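Breakdown of the fold
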Amino acid sequence: ENLGMDDRKRPAEMALYLSVVREGGFHVQVDDGSGWVFRLPHRSQDKCGLLPSIKKITSVLTEAGDDVLVPVTAIFDALAVPPYGVRDGLRPIILALYLATHHQSVALYEDGTYLHSVGGEEFLRLMKEPQAFHLQHCAIEGVREEVFRKLLDLLEYRPRDPDAADLLDLVRPLALFIARDVPDYARRTNNLPAQTVAVRRALLESREPVRLVFTQLPEACGLGAIGTKGGKQSAEPKELAARLKRAMHAIRNAYPNLLTRIGDAL
């Protein structure tokens, strides 16, 4: 976000970027020269020796379990002990690199609320109050990956990057729908089918994208939650998408239907 910073105004930040991010091989130019991307370097290119710390963060998150919120302080504590021994000033940098290279599988929360985007202001707060932030491993794999991709297709939501679709490609249009695309009446009325009201409640009240997509919406649609393993698949993607589309259609038409009833009554 801050690659265009003035070198003379922000020498410390630029030095950190050049010595850790660029030199460490985490920020590289794409082969066709069209831009820059964050990615994990090959072990032979890990000049700063940060890959073990990156892998440690993954192990802390996965050991806690899928969908569990892990305090950032626990991440920092794990990086501080041997054999890592990461110092205080470097831990937020490593965390930022982790989020940049694992954005498809990790979510960041502040005071229990999911952050749709993470920039400089968020990290300034994180450095001052790390206890207010949590990480969550969003396992979109196995059954979940199959359901996720089918939902994107069936709901006709186009991912920003077809080769690397992430949870936001599904959650963002759902959030915009309930927050912006329908009038206030549609967000409040109970003159709707019970299943539609349950879907609306999930869309309005959810603070965790993973739980929203794989637990709350399927259950609101009268189906079972979707786990990460093979085994029983309670929510069939086609049926889930059909029920979700019906509920969203009912929410969208709640206000026009009200006007029609008023007109008929008059």
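In this report, the structure presented in the accompanying data block is examined. (Residues numbered from 1 in each chain as written. Predicted model: local features only at pLDDT ≥ 70, side-chain atom pairs only at ≥ 80, totals over all residues. Heavy atoms only, no water.)

A few points about the overall build of the protein chain
The test is simple: The numbering of helices and of strands both runs from the N terminus, where a helix is a DSSP run of H or I of at least 4 residues and a strand a run of E of at least 2. Here's how the labels work: a residue is buried when its accessible area is under 20% of the maximum for its type, exposed when over 50%, partly exposed in between, all with a 1.4 Å probe on protein chains only. Note on areas: Shrake-Rupley, 1.4 Å probe, and residue coverage restricted to the protein chains presented here. Two residue types count as positive, namely Lys and Arg, and two as negative, namely Asp and Glu; His and chain ends fall outside the count. By convention, the charge on Lys lies at NZ, on Arg at CZ, on Asp at CG and on Glu at CD.
A tally of helices and strands in the protein chain yields eleven helices and six strands. Principal-axis analysis of the C-alpha atoms gives the protein chain an extent of 75 × 45 × 40 Å. Expressed as a percentage of the 266 residues in the protein chain, the buried residues total 41%. Surface summary for the protein chain: the accessible area is close to 14800 Å², and the carbon and sulfur share equals 51%. Of the side-chain charges in the protein chain, 34 are positive and 35 negative, and the distance between the mean point of each set is 3 Å.

Considering the pattern of salt bridges
Here is the rule: Salt bridge, as applied in this entry: a Lys or Arg side-chain nitrogen positioned within 4 Å of an Asp or Glu carboxyl oxygen.
Inspection of the entire model under this criterion finds seven salt bridges. The closest approach of N and O atoms between D184 and R187, which form a salt bridge, is 3.9 Å. Taken together, the residues D184 and R187, both in helix α8 (residues 184-188) and three residues apart, mark about one turn of the helix. Look at D184 and you get partly exposed, because its relative accessible area is 39%. The exposure class of R187 is partly exposed, given its relative accessible area of 24%. Here the salt bridges do not stand alone but share partners, grouping D184, R187 and R188 into one network.

Section: unusual backbone geometry
Between P82 and the following residue, P83, the backbone shows a cis peptide bond with an omega angle of 5°. Assignment of secondary structure puts P83 in the loop between α3 (72-80) and α4 (91-101). With a phi angle near 50°, D111 is a residue other than glycine that sits in the positive phi range. Residue classification places D111 among the exposed positions, given a relative accessible area of 64%. Even without glycine at this site, E156 takes up a positive phi of about 60°.

Side note on a nonpolar patch on the surface
The criterion, for reference: To count toward a patch, a residue needs a relative accessible area over 30% and no salt bridge; like charges are then connected within 9 Å, while nonpolar side chains (Val, Leu, Ile, Met, Phe, Trp, Tyr) are connected within 5 Å.
A cluster of nonpolar side chains, contributed by Y255, L259, I262 and L266, occupies part of the molecular surface with about 440 Å² of accessible area. As for its placement among the helices and strands, L259 is situated in helix α11 (residues 237-265).

Let's talk about the sheet that holds strand β3 (residues 69-71)
Test applied: The pairing criterion for strands is at least two bridges between them, as found by DSSP.
Overall, antiparallel pairing links the four strands, which are arranged β3-β6-β4-β5 in an open sheet. Every other strand in the sheet has two partners, leaving β3 and β5 (113-114) as the edge strands with one partner each.

Thoughts on the pairing of strand β4 (residues 106-110)
The element β4 is extensively covered by neighbouring structure, given that five of its five residues are classed as buried. Side chains of β4 alternate between two faces, with V106, L108 and E110 and A107 and Y109 buried alike. Bridge analysis of β4 against strand β6 (residues 133-137) gives five bridges, and the strand direction is antiparallel. In the strand pairing of β6, A107 is matched with Q136. Across two bridges, β4 lies against β5 in antiparallel orientation. Bridge pairing links E110 to T113 in β5.

Here we look at the environment of L176
Tracing the backbone shows L176 in helix α7 (residues 168-181). Sequence separation of L176 and L203 is 27 residues, and the distance between their C-alpha atoms is 9.9 Å.

Some remarks on the nonpolar core
What counts is decided by this rule: Grouping buried Ala, Val, Leu, Ile, Met, Phe, Trp, Tyr and Cys residues that are joined through side-chain atoms within 4.5 Å yields what is termed a nonpolar core.
Ranked by size, the top nonpolar core spans 43 residues in total, and within it L151, L167, L170, V199, L203, F214 and L217 carry the most contacts. Taken together, the elements giving at least two residues each to this core come down to β4, α6 (143-154), α7, α9 (194-205), α10 (209-220) and α11. With eight residues, the top contributor of residues to this core is α11.

This is a description of form; function is not addressed.
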